[in-house]
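# Remarks on the overall topology
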Amino acid sequence: MALIGTFKCVLANIFLAKSTLLDIDDADKNDQLAVVEYIDDIYAHYKKQEILSCVRPSYMSQHRDITDRMRGLLIDWLIEEQVHYKFELMEETLYLTVNLIDWFLSCRPVVRKNLQLVGITAMLLACKYEEVTEKEMMNTLEFNILVPTPFLFVKRFLKAN
C-alpha cells in the first residue's frame, strides 16, 4: 500500500512540474513562420523519421577498404580544411551532410579512392536542401535539372559527322 501512495506522490509531482514548466515556444507565438500550433506534431514526425533513418552503430564493420578513422578524417576535412568552413555554410548543412554520409555508407560498400567523393557529394546534396540560394534555385526549378543542353545536340551532331 505504501508503494501505491509513493507512486501517487510521484505522479502528482510530475503533474505539478509539468504545469509549471516554461513554454519555450511562447516567444514565437506571433511568428507565423514558427508554426507553434504544429510544433508538437512536427517534432513527433522528426522522432519517427529519426528512427527510420538511423544507421547501425557498427555499420562501418561491413567495409573492407575504409575504416572508422578514415570516416573521421573525411568529416574533419569537410568541416575544417576545405569545404564547410571555407564556404561559410550553415550548421544545418553540416549535420545533414554527416547524416547522408553515414546513411549512404551503411547501405553500400565504398572503396577508399571514392570516400572523399562520397563526402563532397553528400555536402552538395545537403546544400541543395539547406542553403538559401541552392534551395531557392532547386525549388524554382522544381528539382527538375535533367534538361537537354546544347552539349547533347553538339555531341550527336559530331557523331553524325
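Placed above this text is the structure.
Residues numbered from 1 in each chain as written. Predicted model: local features only at pLDDT ≥ 70, side-chain atom pairs only at ≥ 80, totals over all residues. Heavy atoms only, no water.

Packing of helix H4 (residues 91-107) against helix H5 (residues 115-130) brings their axes to within 8 Å, and their N-to-C directions diverge by 130°. Here H4 lies oblique to H5, going by the angle between them. As for the relative orientation of H4 and H5, their crossing is right-handed in sense. Mapping the contact onto sequence places Glu92, Thr93, Leu94, Leu96, Thr97, Leu100, Ile101, Phe104 and Leu105 in H4 and Leu115, Val118, Gly119, Ala122, Met123, Leu125, Ala126, Cys127, Tyr129 and Glu130 in H5. Classifying every residue of the contact of H4 with H5 gives 14 nonpolar, three polar and two charged. (Axes fitted to C-alpha atoms, helices over the stretch in contact; angles between N-to-C directions. Helix = DSSP H or I, 4+ residues; strand = E, 2+ residues; numbered from the N terminus. Parallel < 35°, antiparallel > 145°, perpendicular 65-115°, else oblique. Left-handed = near helix turned anticlockwise from the far one by under 90°. Contact = heavy atoms within 4.5 Å. Nonpolar A, V, L, I, M, F, W, Y, C, P; charged D, E, K, R; others polar.)

What follows deals with H5. Helix length check: H5, at 16 residues, gives a terminal C-alpha distance of 22 Å against a target of 22 Å (1.5 Å per residue), a fit within 8%. Within the span of H5, buried status applies to Leu115, Val118, Gly119, Ala122, Met123, Ala126, Cys127 and Glu130. (Expected span 1.5 Å × (residues − 1). Buried < 20%, exposed > 50% of the residue type's maximum accessible area, 1.4 Å probe, protein only.)

This part covers the side chain of His63. Its location among the elements puts His63 in the loop between helix H2 (39-53) and helix H3 (68-81). Those residues in contact with His63 that sit more than four places away from it in its chain are Leu105, Arg108, Pro109 and Val110.

Let's shift gears to the nonpolar core. Ile66, Leu78, Ile101, Leu105, Leu115 and Met123 are the most contacted members of the largest nonpolar core, which has 19 residues in total. Once residues lying within four places of it in the same chain are set aside, the contact partners of Ile101 are Leu74, Ile75, Leu78, Val118, Gly119 and Ala122. (Core = buried A, V, L, I, M, F, W, Y, C linked by side-chain atoms within 4.5 Å.)

Let's shift gears to the pattern of salt bridges. A side chain of one charge can pair with a side chain of the opposite charge if their charged atoms are brought near each other. This model, assessed by the stated rule, comprises four salt bridges. For the salt bridge of Lys29 with Asp23, the shortest nitrogen-to-oxygen distance reads 3.2 Å. Overall, Lys29 belongs to the partly exposed group, its relative accessible area being 47%. For Asp23, a relative accessible area of 38% corresponds to the partly exposed category. The partner of Lys29 in a salt bridge is Asp26, with the nearest N and O atoms 3.6 Å apart. Connected through salt bridges with shared partners, the residues Asp23, Asp26 and Lys29 form a single ionic network. (Salt bridge = Lys/Arg side-chain N within 4 Å of Asp/Glu carboxyl O.)

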